[in-house]
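# Observations on the three-dimensional arrangement
The residues making up each chain are set out below.
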Amino acid sequence: MLFFKLSAFYFFYFAAVGVYIIFLPKVLNDIGYSTKDIGYVLALAPLMRFLTPFLFLKYIKLNTNIFKLTLVGAVLSSLLFYITIDNFYYFMINNAILGIFLSVLLPYVEVIAINNLGKDKYGKSRLYGSIGFMLIGLVLAKFLSNPYNALDFYLAMTIFTAIFSYLLISYDINHKEQKGDDSFSLLKYWPFWLSLFLMQISFGGFYNFFTIYETAHGISLEVTSYLWAFGVICEIVMLYFQAPILQNNLLLIIKFSILITAFRWFLLYLFPDNLYISYFTQSIHAFSFGLYHSAVIIYLYKIYSNKKLAQQFMLGVAYGLGGFVGSLIAGYTYGEYLFLYSAIIAVISFLVLYSY
């Protein structure tokens, strides 16, 4: 039953992420937002994911009551999308508030998953998130004649995410009374954290502008959704079969995943209108997200005693601050050299971690 509940959570959570990443930039572009405006808007939620964990470092205890509040807040923020999306400043504020709630939700559940399933079954549960992401990419493209349809899908996915999150609270037994760990240190493993930060900056162009980039080079929105889906299929295969790989040196796996990601971005820069190359680069998503993400999650679980806080900071430093900076850079550099800059940043991420 736990495996089912976790799988359902991942499915709906990442289906919501799929709406946000794949289609929201296109929706904002269609209703008149500039690429810079899109970069600013989408940067706010990641910034909040970075700042929020610092509150839990000293001042707030992440318990079941706080978690329940985040579920209600996430649903309300999603509902407010309908009211705020036509106003740049209101929508920015709403995204910032949503980012606060999301910075708590996923790390809380990730610890439950790893603690109860172990790394062998974690990947098989987590792959349902990839399935949700893929299906939303395939389905929503057919209903986007009205941009606001994306908001309906996002709200529905968020509500289901909140329901299954609530059902998982009872499994948080071992960590229910865990308090802030004063010994928690980012500086102790600073090359790892810096590399993690840079890696996610390199994803800024992909997460925020891949759909716009591909359609601008003559690939239809529907085919672009197939590209997203193909990348996720490759990710699913990796998540299902990755357990034996993760028995090896996790840092070596992380380094390899970063290096092949740099190659991926460089190919997108060199061949922006080549559909076959685009499909090949999407196949690399199995390594640059699927394997990389799992290796990072498990590595942090091993080296830190305060496991929830470690996962919060992973989400905050990588998908938070890294996503924030990546969104801003992508918004300013969108154009011919977008993925060349992404490739250079990924190479720097690899070099930082190379001798670690």
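Check the entry above for the structure.
Described below are features of the structure shown in this document. Note that the structure is a prediction, hence the values are computed from the model and not measured.

### Observations regarding the overall build of the chain
- Secondary structure summary: the chain contains 13 helices and zero strands in total.
- Taking the principal axes of its C-alpha atoms as reference, the chain extends roughly 55 × 45 × 35 Å.
- Expressed as a percentage of its 356 residues, the buried residues of the chain come to 61%.
- When contacts within the chain are restricted to residue pairs at least 6 apart in sequence, those whose partners lie at least 24 apart make up 87%.
- Distance between charge centres in the chain, computed from 20 positive and 15 negative side chains, equals 13 Å.

### Examining the nonpolar core
- Judged by nonpolar contacts, the single largest core of 126 residues is most densely connected at Phe9, Phe192, Trp193 and Ile254.
- Here this core takes 20 residues from helix α4 (residues 88–140), the largest share from any one element.
- Sequence-distant contacts of Trp193, defined by excluding residues within four places in its chain, comprise Ser185, Leu186, Leu300, Tyr304, Ala310, Phe313, Met314 and Val317.

### Re helix α8 (residues 221–241)
- Here α8 is 21 residues long and its end C-alpha atoms lie 31 Å apart, about the 30 Å a rise of 1.5 Å per residue gives.
- For α8, the secondary structure elements touched by its buried residues are α1 (2–30), α4, α7 (204–216), α10 (275–283) and α11 (285–303).

### Quick look at the packing of aromatic side chains
- In this structure the tally under the stated criterion is 42 aromatic pairs.
- Their ring planes at 45° and their centres at 5.1 Å tell us that Phe192 and Tyr299 sit as a pair that is tilted. Note that Phe192 is positioned in helix α6 (residues 190–202) and Tyr299 in helix α11, a separation of 107 residues in sequence. Across the pair, Tyr299 and Phe192 agree in class, each one buried.
- Aromatic pair Tyr337 and Tyr341: ring centres 6.5 Å apart, planes at 50°, arrangement tilted.
- Owing to a relative accessible area of 39%, Tyr337 belongs among the partly exposed residues under this scheme.

### Examining empty space enclosed by the protein
- For the coordinates displayed, the defined rule picks out five cavities of 30 Å³ or more.
- The wall of the largest cavity is formed by 40 residues, among which Val17, Ile21, Arg49, Tyr207 and Tyr319 lie closest to the centre.
- Among the elements of the structure, α1, α2 (35–58), α4, α5 (149–168), α7, α8, α11 and α12 (307–333) are those that each provide at least two residues to the lining of the largest cavity.
- In terms of residue class, the lining of the largest cavity is built from 24 nonpolar, 13 polar and three charged.

### Here we look at the environment of Lys61
- Mapped onto the elements, Lys61 comes out in the loop between α2 and α3 (64–84).
- Accessibility expressed as a relative area gives 32% for Lys61, which makes it partly exposed.

### Concerning the environment of Lys142
- Examined against the element boundaries, Lys142 turns out to sit in the loop between α4 and α5.
- What makes Lys142 exposed here is its relative accessible area of 56%.
- Expressed as a C-alpha distance, the spacing of Lys142 and Phe210, which sit 68 residues apart in the sequence, is 18 Å.
- In contact with Lys142, not counting residues within four places along its chain, are Glu222 and Tyr226.

### Some thoughts on the packing of α7 against helix α13 (residues 338–354)
- For the pair α7 and α13, the least separation of the axes is 11 Å and the interaxial angle reads 155°. Put simply, α7 runs roughly antiparallel to α13. In this structure, α7 meets α13 at a crossing whose hand is left-handed. Of the residues in α13, those in contact with Gly205, Phe206, Phe209, Phe210 and Tyr213 of α7 are Leu338, Phe339 and Ser342.
- Tallied by class, the residues present in the contact of α7 with α13 amount to six nonpolar, two polar and no charged.

Calculation rules
Residues numbered from 1 in each chain as written. Predicted model: local features only at pLDDT ≥ 70, side-chain atom pairs only at ≥ 80, totals over all residues. Heavy atoms only, no water. Helix = DSSP H or I, 4+ residues; strand = E, 2+ residues; numbered from the N terminus. Buried < 20%, exposed > 50% of the residue type's maximum accessible area, 1.4 Å probe, protein only. Contact = heavy atoms within 4.5 Å. Lys, Arg positive; Asp, Glu negative; His and termini not counted. Charge placed at Lys NZ, Arg CZ, Asp CG, Glu CD. Core = buried A, V, L, I, M, F, W, Y, C linked by side-chain atoms within 4.5 Å. Expected span 1.5 Å × (residues − 1). Phe/Tyr/Trp six-rings, centres within 6.5 Å; stacked < 30°, edge-to-face > 60°. 1 Å grid on protein atoms, 1.4 Å probe; cavity = no way out; pocket = protein on both sides within 12 Å on 5 of 7 lines; lining within 4 Å. Points joined across faces, edges and corners; volume = space filled by probe spheres on them. Nonpolar A, V, L, I, M, F, W, Y, C, P; charged D, E, K, R; others polar. Axes fitted to C-alpha atoms, helices over the stretch in contact; angles between N-to-C directions. Parallel < 35°, antiparallel > 145°, perpendicular 65-115°, else oblique. Left-handed = near helix turned anticlockwise from the far one by under 90°.

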